[in-house]
Amino acid sequence: MAAAARLASRARPSSRPNPGVGALLVREGRVLARGWTQTGGRPHAEAMAFEQFEGDATGATLYVTLEPCAHQSSRGPACADTIADVRPARVVIGQHDPDPRTAGKGIERLRAAGIATEVLDDVSSATSLAGYLSAKRRGRPHVTLKLAISLDGCIALADGTSQWITGEVSRAHVHAQRARNDAILVGGATWRADRPRLDVRLPGLEARSPQRFLLTRGVKPDGISIINRPDQISEMESMQYLYVEGGSETAASFLKADLVDELHLYRAPILIGDGLHGIGGLELADLASAHDRWTLTERRQLGSDEFTAYLRTRN
């Protein structure tokens, strides 16, 4: 299932508006076929896997990160029906589909076809589907807040100079993260000060630049969409993943609204002292309310910088 979830990451974010799903067909420890959701949402992962497979699926297990769809579409058949036609012995599903068109119906259809079907609450599948699950359950995209800071938590000198806090390796990593998101957002102050391009400048990935958004009440620049409040991200049609790059007041506004699901910190081995802090005021009532909110998920060295990722802890 973890391998299927890694396959699903290849569909992020190009599968929108559909979820990025991964599928593996396995028999006796040998992978027979694999697939992931294609650009624009079709073909689905299961269909891609079966396109590769020739032969009898007797005794095989299909691992798929999301419940196979059960609704008919002009773009292709329901995956539950396709699987029933191929007839693997067993299907293991990573996550239930919250889409009411499928929710539970895909599982019922497989079991009615005599296929042993198991549903897991698989963490790796849920992680790979974070944007889709957030859109369906919370009505908004999955939000990652990125901060590039000094050891003492600054994002710029006192005069606003911020190029560059981190090194080339970290900046390349940021561009790779941009390519994994449908949309990117900065605040009006950052836009006015830096005029950031907010695109992807890695060779071969330029076409995967996210749609640009600005959090501001000011004038709308050409080619950029505007929101006035953080909660208006719920109006970002079909967007599953949003990458917020600051500045400090924008970061604080998203954090105060509890809209940040993932936190990416790029920490450079420098001290700035009297500089601009990475996050504005959060209006905490006490220190106790700041604890138990974030879980460390990744730490790595990027050149001379340290990268750490945290997930928001939610019930």
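Remember, predicted model here, so these are calculated numbers, not experimental data.

Moving on: the pattern of salt bridges. Following the criterion strictly, the structure yields 19 salt bridges and no others. When the shortest N-O distance is used, the salt bridge between lysine 256 and glutamate 283 registers 3.6 Å. Within this pair, whereas lysine 256 is found in helix α9 (residues 248-256), its partner glutamate 283 is found in the loop between β13 (276-277) and β14 (294-302), the two being separated by 27 residues in sequence. The partly exposed category is assigned to lysine 256, whose relative accessible area is 42%. Within this structure, Arg138, Arg140, Asp258, Asp261, Arg312 and Arg314 form a network of salt bridges that share partners.

What follows concerns empty space enclosed by the protein. Applying the stated criterion to the full structure yields one cavity of 30 Å³ or more. Within this model, the largest cavity holds a volume of roughly 80 Å³. Lining of the largest cavity is provided by 14 residues; of these, Arg12, Ser15, Gly20, Gln240 and Tyr241 occupy positions nearest its centre. Of the residues assigned to the lining of the largest cavity, the class counts are six nonpolar, five polar and three charged.

Glancing now at the packing of aromatic side chains. Enumeration over the complete set of coordinates arrives at one aromatic pair. Relative to phenylalanine 307, the ring of tyrosine 266 lies with its centre 4.9 Å away and its plane at 45°, an arrangement referred to as tilted. Of this pair, tyrosine 266 sits in strand β12 (residues 262-267) while phenylalanine 307 is found in strand β15 (residues 305-312), placing the two residues 41 residues apart along the sequence. Assessed through its relative accessible area of 1%, tyrosine 266 is described here as buried. Directly above the ring of tyrosine 241 sits arginine 12, whose terminal nitrogen or CZ lies 3.8 Å from the centroid.

Take the confidence of the model for the chain next. A residue-level look at the chain finds 100% of positions with pLDDT of 70 or above and a mean pLDDT of 93. At the level of individual helices and strands, the chain shows its lowest average pLDDT in helix α8 (residues 188-194), which scores 86, and its highest in strand β11 (residues 241-244), which scores 98.

We now examine the layout of surface pockets. What the largest pocket holds in volume is close to 1200 Å³. In terms of lining, the largest pocket is formed by 38 residues, of which the most central are Thr127, Ala130, His142, Glu262 and Leu311. Looking at the lining of the largest pocket, the element that brings in the most residues is helix α5 (residues 123-128), giving five residues. Among the residues forming the lining of the largest pocket, the class breakdown is 10 nonpolar, 16 polar and 12 charged. Put simply, the second largest pocket is a space of about 1000 Å³. Lining the second largest pocket we find 40 residues, and of these Lys146, Ser162, Thr190, Asp194 and Glu245 sit closest to its centre. Mapped onto the lining of the second largest pocket, the elements with two or more residues apiece are β6 (142-149), β7 (154-156), α7 (168-178), β8 (183-187), α8, α9 and β13.

Most of β8 sits inside the fold, with five of its five residues counted as buried. Residues Ala183, Leu185 and Gly187 point to one face of β8 and Ile184 and Val186 to the other, with burial holding for every one of them. Where β8 and strand β9 (residues 211-215) come together, five bridges link them in parallel fashion. Bridge pairing in β9 links isoleucine 184 to arginine 212. In this fold, the crossover linking β8 to β9 by way of α8 has right-handed handedness. Of the pairings in the sheet, the one linking β8 to β11 comprises three bridges and is parallel in character. Among the inter-strand pairings, alanine 183 is bridged to a residue of β11, identified as leucine 242.

Criteria and cut-off values
- Residues numbered from 1 in each chain as written.
- Predicted model: local features only at pLDDT ≥ 70, side-chain atom pairs only at ≥ 80, totals over all residues.
- Heavy atoms only, no water.
- Salt bridge = Lys/Arg side-chain N within 4 Å of Asp/Glu carboxyl O.
- Helix = DSSP H or I, 4+ residues; strand = E, 2+ residues; numbered from the N terminus.
- Buried < 20%, exposed > 50% of the residue type's maximum accessible area, 1.4 Å probe, protein only.
- 1 Å grid on protein atoms, 1.4 Å probe; cavity = no way out; pocket = protein on both sides within 12 Å on 5 of 7 lines; lining within 4 Å.
- Points joined across faces, edges and corners; volume = space filled by probe spheres on them.
- Nonpolar A, V, L, I, M, F, W, Y, C, P; charged D, E, K, R; others polar.
- Phe/Tyr/Trp six-rings, centres within 6.5 Å; stacked < 30°, edge-to-face > 60°.
- Lys NZ or Arg CZ within 6 Å of the ring centre and 35° of its normal.
- pLDDT = per-residue confidence, 0-100.
- Pairing = 2+ DSSP bridges.
- Right-handed = clockwise from strand over helix to strand, strands pointing away.

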